[in-house]
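Structural description and commentary
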Amino acid sequence: MQDEELEQDEKTVLRISTFDSILTYVGDFGKYQWYLLLSLFPYTGVYVSLYFSQFFLTLVPREHWCRVPEVVDLNCTSEEQRILLAIPKADEYPYYDGCYQKDLNFSKLLREGHEFQSLVWSTNKTVPCSDWEFNYTQIPYRSIAAELGWVCNKAYLVSTAQAIFFCGSIIGGFFFGWLADHHGRILTLMVLNGIALIATIATAFASDFWSFAICRFFAGLAFDNCINIPLIVVVEYMAVNKRTLVFNMTFGLFFALLSTMLPWVAYFIADWRNFTYVSSIPILLCLLTPWIIPESARWYISKGRMEKVFEKLQKIATVNGRTFDPKIYGKFVKGLKESSHNAENATLLDLFRTPRLAKHAILLILFWFLTIATFDGHVYSLKLLPDSVFTSFSLACATELPAGVLLTLLLDRWGRRFCGFITMALTGVFSLVTLLLHSSALLLTMAILARFCLNMAANIALQYAAEVLPTPVRAQGVALIHIFGIFGHAIAPYIVDTALIWGGLPMLIMGILSSITGILVTFLPETLGMDLPQTLQEGEDFGKDQSFWALPCCTDNNL
């Protein structure tokens, strides 16, 4: 009898040797978890604000032209007349050259009483602009880029400021990652949101490129970790089979709602400095972090603070209406010690020591990097469309939720590999088709369809990395992939800037990159229905027995 009890006890120890396993005893998807899902709302607000607000802070109307003081001073001239008089014509929208003016001595010609028609046809020579006028019909405010003339030969300053923001994110990723591991997630969130709040408010006082860029650099320190850390904490307290819900539904709902609203906040405030103040409100709310989300139980475990883990489990049980048996906790601690003895230690370099594992890591890096570069490229290219950028931005962001819903329905049927391929291939098709279109409605439709596919592709890439990489290097590998993703964020504005060379070049580049990404994904192993690799050797062998042409939606026995 004692032998049977001992055997049963050992099985229980093995069964509750992880935090996920003991969580089932206190409730892994009850009231407490729903509260945590709602707690993501303000952090999603910070993420949306940091991610997209700079787009509207530096938004410049496409309809801009040289300001010629002599012509402006003529009370009898409208904007259209001034353009006709002083600005050369162009073949593409807005059908005049926004960077050059006619090389005429307007003061002399006006003094001598020349008629308007003679001014229009007098010369084909041009000189660069030194100052600009803007048409604020569609964009009803003067952004910092418009104030400081970041157009034409200075248009790169908008992209450079954005790249500097993401450079801050790279440094912040390393620093706040270290801080989170050594001093906890809650303290880290307080510090990073505090820095983001100060930097965001300081942005409103910027008066030149470098003051603006420095403020955005410090705001960028918080980007990515502002949502990654809360997401990781919430996922830790969530049932394993409900985690897709967190990523594809809850975050998708909050992200879609807030990003769809953001452009209209900018539109109705119609002042870039006041918009900066308003966009800092979600960051201010997140300073209440200690009262919003709990500390990571896994961090407590890593630091040996088991009494805190016990307190947290008791609280979860109370909120979920469960009774927590301390004996179960004792078995959990014992099982935890047993499993820690058998844990395999590895560094990031181990990810690249064996050929198949290294190949998978490189493919995952390229998948995420190219997806992010294309995603942001499509975001920034919305300002190139003749339609209202506020409308097009909102419609594109509104695709986030339906994309998440569709992906939730398809991902566990069609598999990660096929879904990754088809979403990026379709993005390539929609991007390249725009080169053949001239209707603004069709161009906007293609942009929205491409964004819809990219929303799904980005979610697939996030999940793929966590499933392919083996446990000993999973966290480090995912962090490395995210760093390369930030480089994708940084280069995207420069892809859009190639429109200065040829209007269709950004879409051509993004169409090619998307198509290449879709092909690369097909060389990754399928993870649907597979046990995640727990050791480096399992990671190396993962997918060896899979056929290249295997599709989970066609057969259940092909993996």
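Look a little higher up for the structure.
First, a word on scope: everything that follows refers to the structure included in this document. Every value quoted in this text rests on a predicted model; they were computed, and no experiment measured them.

Between its terminal C-alpha atoms helix 17 (residues 306-319) stretches 20 Å, which fits the 20 Å expected from 14 residues at 1.5 Å a residue. The complete set of buried residues in helix 17 reads Met-306, Val-309, Lys-312, Leu-313, Ile-316 and Ala-317. In an axial view of helix 17, the angular spread of the buried residues amounts to 135°, which keeps them on one side of the axis. Note on helix 17: the residue one or two positions beyond its end, Gly-321, has a positive phi of about 70°.

Following the criterion strictly, the structure yields 43 aromatic pairs and no others. Relative to Phe-223, the ring of Phe-166 lies with its centre 5.5 Å away and its plane at 75°, an arrangement referred to as edge-to-face. Within this pair, whereas Phe-166 is found in helix 9 (residues 156-183), its partner Phe-223 is found in the loop between helix 11 (209-220) and helix 12 (225-236), the two being separated by 57 residues in sequence. The pair Phe-166 / Phe-223 is uniform in exposure class, with both members buried. Above the face of the Phe-29 ring, Lys-242 is positioned so that its terminal group lies 5.1 Å from the ring centre.

In protein chemistry, a disulfide is the covalent bond that joins the sulfur atoms of two cysteines. Tallied over the entire structure, the rule returns two disulfides. Between Cys-66 and Cys-129 runs a disulfide, and the two sulfur atoms are separated by 1.5 Å. Looking along the S-S bond of the Cys-66-Cys-129 disulfide, the torsion reads about -75°, which is the left-handed sense. Here Cys-129 lies in the loop between strand 3 (126-128) and strand 4 (132-134) and Cys-66 lies in strand 1 (residues 64-66), a separation of 63 residues in the sequence. In this pair, the class of Cys-66 matches that of Cys-129, namely buried. In this model, Cys-99 is linked to Cys-152 through a disulfide, with the two sulfur atoms separated by 2.0 Å.

This paragraph deals with the pattern of salt bridges. As enumerated under the stated definition, the model contains eight salt bridges in all. A salt bridge links Glu-147 to Arg-273; the nearest nitrogen and oxygen atoms lie 3.3 Å apart. Within this pair, whereas Glu-147 is found in helix 8 (residues 144-148), its partner Arg-273 is found in helix 14 (residues 272-279), the two being separated by 126 residues in sequence. Classification of Glu-147 as partly exposed rests on a relative accessible area of 33%. Its salt-bridge partner being Asp-541, residue Lys-544 comes within 3.4 Å of it at the nearest N-O pair. A single network of salt bridges, built from pairs that share partners, joins Asp-412, Arg-416 and Glu-467.

Remark: helix 3 (residues 31-57) packs on helix 12, axes separated minimally by 8 Å, with the N-to-C direction vectors making an angle of 165°. Taken together, the axis directions place helix 3 and helix 12 in an arrangement best described as roughly antiparallel. As for how helix 3 packs across helix 12, the hand of that crossing is left-handed. Contacts between helix 3 and helix 12 involve Leu-36, Leu-37, Ser-39, Leu-40, Tyr-43, Thr-44, Val-46, Tyr-47 and Leu-50 from the first element and Cys-226, Ile-227, Pro-230, Leu-231 and Val-234 from the second. Across the contact of helix 3 with helix 12, the residue classes break down as 12 nonpolar, two polar and no charged.

Calculation notes
- All chains use their own residue numbering, which begins from 1 and follows the written sequence.
- Only residues with pLDDT of at least 70 get local features here, since the model is predicted, and only at 80 or more are side-chain atom pairs given and counted; chain-wide, interface and lining totals rely on the full set of residues.
- Side-chain calculation: all heavy atoms of the structure are included, whereas hydrogens and water are not.
- The helix count covers DSSP runs of H or I at least four residues long, the strand count covers runs of E at least two residues long, and both are numbered beginning at the N terminus.
- Here the expected length of a helix is defined as 1.5 Å per residue gap, with one fewer gap than residues.
- Note on classification: 1.4 Å probe, protein chains only; a residue is buried when its accessible area is under 20% of the maximum for its type, exposed when over 50%, partly exposed between these limits.
- Directions from the helix axis toward the C-beta atoms define the arc.
- Here a pair means two rings of Phe, Tyr or Trp (six-membered ring of Trp) with centres within 6.5 Å. Their orientation is stacked below 30 degrees between planes, edge-to-face above 60, and tilted elsewhere.
- Should the NZ of a Lys or the CZ of an Arg lie within 6 Å of a ring centre and within 35 degrees of the ring normal, that charge is described as sitting over the ring.
- Cysteine sulfur pairs qualify as disulfides if the two atoms are within 2.5 Å.
- By salt bridge we mean one thing: a side-chain nitrogen of Lys or Arg within 4 Å of a carboxyl oxygen of Asp or Glu.
- Lines fitted to C-alpha atoms define the axes here, with helix axes fitted over just the stretch in contact, and angles between the N-to-C directions of these axes take values from 0 to 180 degrees.
- By definition in this entry, angles of less than 35 degrees are roughly parallel, angles greater than 145 are roughly antiparallel, angles of 65 to 115 are roughly perpendicular, and the rest are oblique.
- We call a crossing left-handed when the near helix sits turned anticlockwise from the far one by less than a right angle, and right-handed when that turn is clockwise.
- Contact criterion: two residues are considered in contact whenever any of their non-hydrogen atoms come within 4.5 Å of each other.
- Here the nonpolar group is Ala, Val, Leu, Ile, Met, Phe, Trp, Tyr, Cys and Pro; Asp, Glu, Lys and Arg are the charged ones; every other residue, Gly included, is treated as polar.

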